[in-house]
Structure formats: structure tokens, C-alpha cells
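Structural characterization, general
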Amino acid sequence: MTSLSEAPEEAPVLHVIDGELLVTERGGRGARLLAFLAEPGRAAWRHRDLIAAILRRELSERFKGSVAGWVWAVVAPLIALATYTLAFAGVVSLPNQAAAASQFDYALFIFGGLIAYSFFSEMAFRGPSLLHEYAHFIKQTMFPAEMLPIISTLRATAYVLIGLAVMIVAQIVLAGTLHWTILLLPLWLLPFLAFLIGMTWFLAALGAFTRDASYLMMTLAPILMFATPVFWTIDGFSPTVRLLMYLNILTGFIEIIRDISVLGSLPRLAVVLWTLFLSVATFYLGFWFFRRQRDRIADVI
Amino acid sequence: MSSEDAVIRARNLGKAYQLYENRSQWSKQVLLGAFHTYYRSFWALKDVSFAVQRGESVALVGRNGCGKSTLLQMICGILRPTKGELWVKGRVAPVLALGSTFDLEATGRENVMIGGAVLGMKRPEVLQKFDSIVDFAGIGEFIEQPIKHYSTGMRSRLSFALCAHLEADILIVDEALAVGDQAFQRKCLDWIEGFREHGTLLFVSHSKAEVMRLCRRAIWIDDGRIREDGRPVDVVRAYARAMEVEPDDMKRFSAA
């Protein structure tokens, strides 16, 4: 790998005939499918310096002009957590009484759900307008627009990590426990990232053509919050309703983060596999959709 | 002219934009496009064929809206042609209005880092060339200031300096020099002359003197087609004469 990158790069060739980009495709159907599956990772690796440069800029921009800067990123989740603790501690009990070790558990329980939900909603709100934000690059340079959803999802991840850190510290301080299952966090985060990147590819491509995508998400996201077990669990429902609930991928993600952080139990394998399947499917469908629309985007944006 | 050592080949190249009356026409096209066409095609570039050899310096002349920029954007790979064949080999550096991609809130340094990455430079490469870029731009301590405090001239200085350090095979200069002062224009022209020894140049300018100095060939694009292709001296003269005779008719912007 290193020897490859050291070697002088072959001069890039652009070849288009009647609007069709000619790419040398090797191998049969299977090899082409493998190449497609590997493409997002390879492209991200190729543009890693660009991703880092824009990500660095986006992160420093968020709190620019504020004196406290990054303190806000920590204070916001702290205040949220304090509010839920005051509002819910002792008032409502967990459905699973055995696991409810302390009165703070319900607050942490909601907090876990909110971290997952706000991760989703940030991308849902920003996705449709993402390409408009970077229109000047897309119109005037050979800008790899398909990297933008990756960059913006990574930026959102930074805030999610802060929220998770606050949650873990709160768990240690308030509940006095930390479950070993917290080590499974990467198994939650990576599929979630894949899902959100895929979703943002889809929303960004759609949003490039019509602003309706933006309004649609602004209307849907708050409704979805109540159709998603952020403030409650699905345990109380009948099995049929529960199965329907799992069609919403956020249900799985929220259940997993609660299992591994607050309850300290292993998430159910079926839920993990189903969520993983939905994530990977969304990732590749989104990528496929974005690539299909890619050439028309510079015309319309 | 043989195409043995060509870096750019275009054959019957055309680019159409889809124009819609309103948004609902667009959504009808998406849903019912298979049965009926809801847009009018505007052919910004109609039928263009030419080849550029390695090391050539070619000037593109023509009136506003004749299709020059569309052609350059296709060569850069920003726009996809609608018909015809286009073949481009090598790293392309578009000086076309690069300054307008600058993020106004970010400092010159941040913009150089991002701009370099967008143009395909690796981070160590940008860091290594950074001092040289700032030196070429000649904007001194302003590099640490947000771009919004720059004058237009300073912006184009920085963007040209960045492109000059790209080590591109094909340099595309689109009226970028017009805003610099005399001293900086001379610096850029000198640099471009040096670049021509190993690279290919596509140059858009309304300045007759610049075209004569830098280019050995000129292509006059008129209404999406090549009207003349030859020595700069002849093409520029024919173009200038036509400008005097033909009125500035705005009808040419309307779709056929």
C-alpha cells in the first residue's frame, strides 16, 4: 500500500461520450459488485486530506465568535441531563424494575435515547441543504461532492461523542456504576454512522433538486420523535406493534445504546443484526442514488 | 493536425441545460418524463470539435454567453457534456474564478489548506509549499486574516498563487488576471510563460495584448460553435471586427 502511494500517480483521464462517462471496468458481474461495495471506502481514503481539511474547518467554525467556545458543546448536554433528572427522577419508574438501580436511571435512560435521536435529526435537517452550502465548490472545482455527507456526519459525531462522555461520567457520578457492556459502543456507533451517511447521501441528492426535501424533513422529524421510543420503551406494546416499531431503524439504535450503557445487558442479537442490515442497506442505497444523480447536480445547484 | 500527443480532444461536443417554466414542470418531468418533455433545452454549446496538443497555448475568445465557460467547465470535469465525445488527459488546474470558492469567514491560511485539498494536493504538499504560495501572492500578514477583509485583487492574488503551485498538466485561466494590478499581472504572465514550457494552457481573456503575448493559437467561439480557429493575430482581428459590426443583441441568450 505504501509503495503504491509513493509511486508517481498516473495522469488522470476524463473520457465522456454522449454524456456517458467511460470507466474501464474489469471483471464480471461479481467483480463489479465488489468494486461498487469497496468504492465508498476507497473514495474516502483517496480524499482523506480533503475530508480532514474541511472537517477541521467546520469544527472550528461552529463556536467561532463565542468566548466560551467548546465549553458550549459540553454545557448543552449537561443541562439537558440535569433537566431530565429533575423532571423525571423518582417520578416514573423504569419498565424493567430489576435493572433500575438508582433513581437517576430514568434520566440516563432518556438521555441515551435523546443522544441517538438528535444524532439522527441533525443530519435529517442538514442533509437536504448540504450541497447548497457547498455550491460554490461544486460549480467551480472538481469537488468530490459525495464526500460532503461523510464530512458532515463526522462533524455530528464529534458532538455525539461529547454527549456520550457526559453520559458515562454522569453514570459513574450519579449511579455509581459503569457496565462493562459500554465497551460495545463502537458496535453501536459504526452502523449508526453508516446509516446516517447513507441517509444523508439520499437527502443531499434530493435536496439539490428541490427545497421541498428540506421542508419535508422539518415536518417529519418532530413527528418521528414521538413515533420513536425516546421517552418510553416498546416493551409495553403487543408483539405485532413491536415488530412494526422495529421498521424504524432508530428503535433498534436506541434500544442498543440503552442496553449497553444504562442497563448493562447485552442487546438482543436479532435486534443487532436487523439494525446492522438496515444500516448497510441504507448506506449503499444512498451511495448508489447519489452517484446516479451526481452529474446532474452541478447543472441544477 | 495529428492527435498523437493530444491532451484534450473534443468531437461534436454539445451541452444542453434543461430550462423549466416553474418548479411544478420540473416535478412533472421527474414523474412523467417517460411520456412527455416538460422542459426546453438550451444549448449553451452546440457543436465543437478541436484537439489541443501537449504544450500548446490556446486562447478562447468570444462574447459573453457564447459557451466559453461551459466548455472550460466540461474540460475541468465539473459539467458533463450532453452529446459528443470529450477526452482530457492530465491534472487540470482551474484558475477560473477560484477566488469565489473562498470561504469569507475563514482566514487566508485556512482557505489555502482547503483550496489545496480541493484541487487534489496532499496536506504535506500544501504545508511544504505554503510559504512559497504566500510569497507569490505577496499579501504578507493578511494571510492570517479572514478573507472578508481582503480586497478583490488580494483574493485573486491568493487564488492564482495557489493554482500556480499545483504542478498541473493543464492550466485553465478564465479572465482571472483582470483584477490584479499591473505588477501582479506581469508576475502572473511571466509565470504562465514559464509554465508553457512543460504544460498546456487554455486562456480566456478579453485583452488582445495578453492573448497575443501568451498564445500561439486562438479559437473564436460564437453562439456555441467554433467560428474561427487559427493564429491569434488573425482570429483576434476578425473577432474585433465582428464586434464592431454585429450589434449587442440580447436575443442570443434566449433558448432556441
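About the cut-offs
- Residues numbered from 1 in each chain as written.
- Chains lettered and ligands numbered in written order.
- Predicted model: local features only at pLDDT ≥ 70, side-chain atom pairs only at ≥ 80, totals over all residues.
- Helix = DSSP H or I, 4+ residues; strand = E, 2+ residues; numbered from the N terminus.
- Buried ≥ 20, exposed ≤ 12 C-beta atoms within 10 Å, placed from the backbone.
- Contact = placed C-beta atoms within 7 Å.
- Axes fitted to C-alpha atoms, helices over the stretch in contact; angles between N-to-C directions.
- Parallel < 35°, antiparallel > 145°, perpendicular 65-115°, else oblique.
- Left-handed = near helix turned anticlockwise from the far one by under 90°.
- Nonpolar A, V, L, I, M, F, W, Y, C, P; charged D, E, K, R; others polar.
- Pairing = 2+ DSSP bridges.
- Core = buried A, V, L, I, M, F, W, Y, C linked by C-beta atoms within 7 Å.
- Expected span 1.5 Å × (residues − 1).
- Bend = angle between axes of the 7 residues up to and from the residue.
- pLDDT = per-residue confidence, 0-100.

**Comments concerning the overall build of chain A**
Broken down by element type, chain A carries 13 helices and two strands. Looking at chain A as a whole, 34% of its 301 residues qualify as buried. Sequence-distant contacts, at least 24 apart, represent 75% of the contacts inside chain A between residues at least 6 apart.

**Here's the deal with the overall build of chain B**
Within chain B, the secondary structure is distributed over eight helices and nine strands. Expressed as lengths along the three principal axes of its C-alpha atoms, the size of chain B is roughly 60 × 45 × 40 Å. Residues counted as buried form 43% of the 256 residues belonging to chain B. Here the contacts in chain B between residues at least 6 apart in sequence split such that 74% fall between residues at least 24 apart.

**Quick look at the packing of helix α9 (residues 185-209) of chain A against helix α13 (residues 269-300) of chain A**
All names here are of chain A. Two elements in contact, α9 and α13, have axes whose closest approach is 7 Å; the angle formed by their N-to-C orientations is 25°. Taken together, the axis directions place α9 and α13 in an arrangement best described as roughly parallel. Classified by chirality, the crossing of α13 by α9 is left-handed. Tallied by class, the residues present in the contact of α9 with α13 amount to 22 nonpolar, six polar and no charged.

**A short note on the pairing of strand β1 (residues 6-19) of chain B**
All names here are of chain B. Note that β1 and strand β2 (residues 40-53) share 10 bridges and pair antiparallel. Residue pairing for β2: Y17 is matched across the bridge by F42. Bridge count between β1 and strand β4 (residues 83-89): five bridges; the pairing is antiparallel. Bridging from a neighbouring strand, R9 pairs with W87 of β4.

**A look at the nonpolar core**
I172 and F203 of chain B are the most contacted members of the largest nonpolar core, which totals 136 residues. Contact partners of F203 of chain B, with chain neighbours within four places excluded, come to S57, V58, A59, L60, V173, V211, L214 and C215 of chain B.

**Notes on helix α4 (residues 123-137) of chain B**
One turn of an α-helix holds 3.6 residues; hence residues three or four places apart share an orientation. Residues and elements named next belong to chain B. When the terminal C-alpha atoms of α4 are compared, their 19 Å separation across 15 residues agrees well with the 21 Å that a helix rising 1.5 Å per residue should span. Helix geometry: α4 is bent most strongly at F130, by close to 50°. Those residues of α4 hidden inside the fold are in contact with α3 (108-118) and α5 (152-164). One or two steps after α4, the chain reaches G138, where phi turns positive at roughly 65°.

**Some points on the packing of helix α5 (residues 105-126) of chain A against helix α8 (residues 148-175) of chain A**
Residue and element names in this part refer to chain A. Put simply, α5 and α8 touch, their axes get as near as 10 Å, and they point 175° apart. The orientation of α5 with respect to α8, classified from their angle, is roughly antiparallel. Of α8, the residues touching α5 (which contributes D105, L108, F111, G112, I115, F119, E122, M123 and R126) are S152, T153, A156, V160, G163, L164, M167, A170, Q171 and A175. The residue makeup of the contact of α5 with α8, split by class, is 11 nonpolar, five polar and three charged.

**Some details on the interface of chain A and chain B**
Across the boundary between the two partners, chain A contributes 27 residues, which contact 35 residues of chain B. Secondary structure elements with two or more residues in the side of chain A that touches chain B: β1 (13-17), α3 (48-62), α7 (135-140) and α13 of chain A. Per element, the largest residue contribution to the side of chain A that touches chain B is seven residues, and it comes from α3 of chain A. The residue inventory of the side of chain A that touches chain B, partitioned by class, reads 14 nonpolar, six polar and seven charged. Here β1 of chain A runs beside β4 of chain B; their pairing, made up of five bridges, is antiparallel. From the neighbouring strand, I17 of chain A faces β4 of chain B, where its bridge partner is E85 of chain B.

**As for the environment of H198 of chain B**
Residues and elements named next belong to chain B. Counting through the fold element by element, H198 comes out in the loop between α6 (182-195) and β7 (200-204). Accessibility expressed as a C-beta count within 10 Å gives 10 for H198, which makes it exposed. Note: C-alpha distance between H198 and A168 (30 residues apart in sequence) is 9.8 Å.

**Quick look at the pairing of strand β8 (residues 217-222) of chain B**
Residue and element names in this part refer to chain B. Where strand β3 (residues 57-61) lies against β8, four bridges are found, and the strand directions are parallel. Bridge pairing in β8 places A59 opposite A218. Taking the residues that link successive antiparallel strands as the turn, the β8-strand β9 (residues 225-230) hairpin has two residues, and the phi of D223 there is positive, at about 55°.

**A word on the confidence of the model for chain A**
All names here are of chain A. Within chain A, residue pLDDT values average 84, and 88% of them lie at 70 or more. The secondary-structure element of chain A with the lowest mean pLDDT is helix α1 (residues 2-6), recorded at 36, while α9 shows the highest, at 94. Below pLDDT 50 for its whole length, residues 1-9 participates in zero contacts with residues either more than four positions away or in separate chains.

**A closer look at unusual backbone geometry**
A negative phi holds for most residues other than glycine; trans holds for most peptide bonds. Residue and element names in this part refer to chain B. You will see that N12, though not glycine, has its phi angle at about 50°, which is positive. When you line up the elements, N12 lands in strand β1. Classification of N12 by C-beta neighbours within 10 Å gives partly exposed; the count is 14. Although it is not a glycine, D223 sits at a positive phi angle of roughly 55°. Within the secondary structure, D223 is located in the loop between β8 and β9. Among the residues examined, D223 registers 15 C-beta atoms within 10 Å and is labelled partly exposed.

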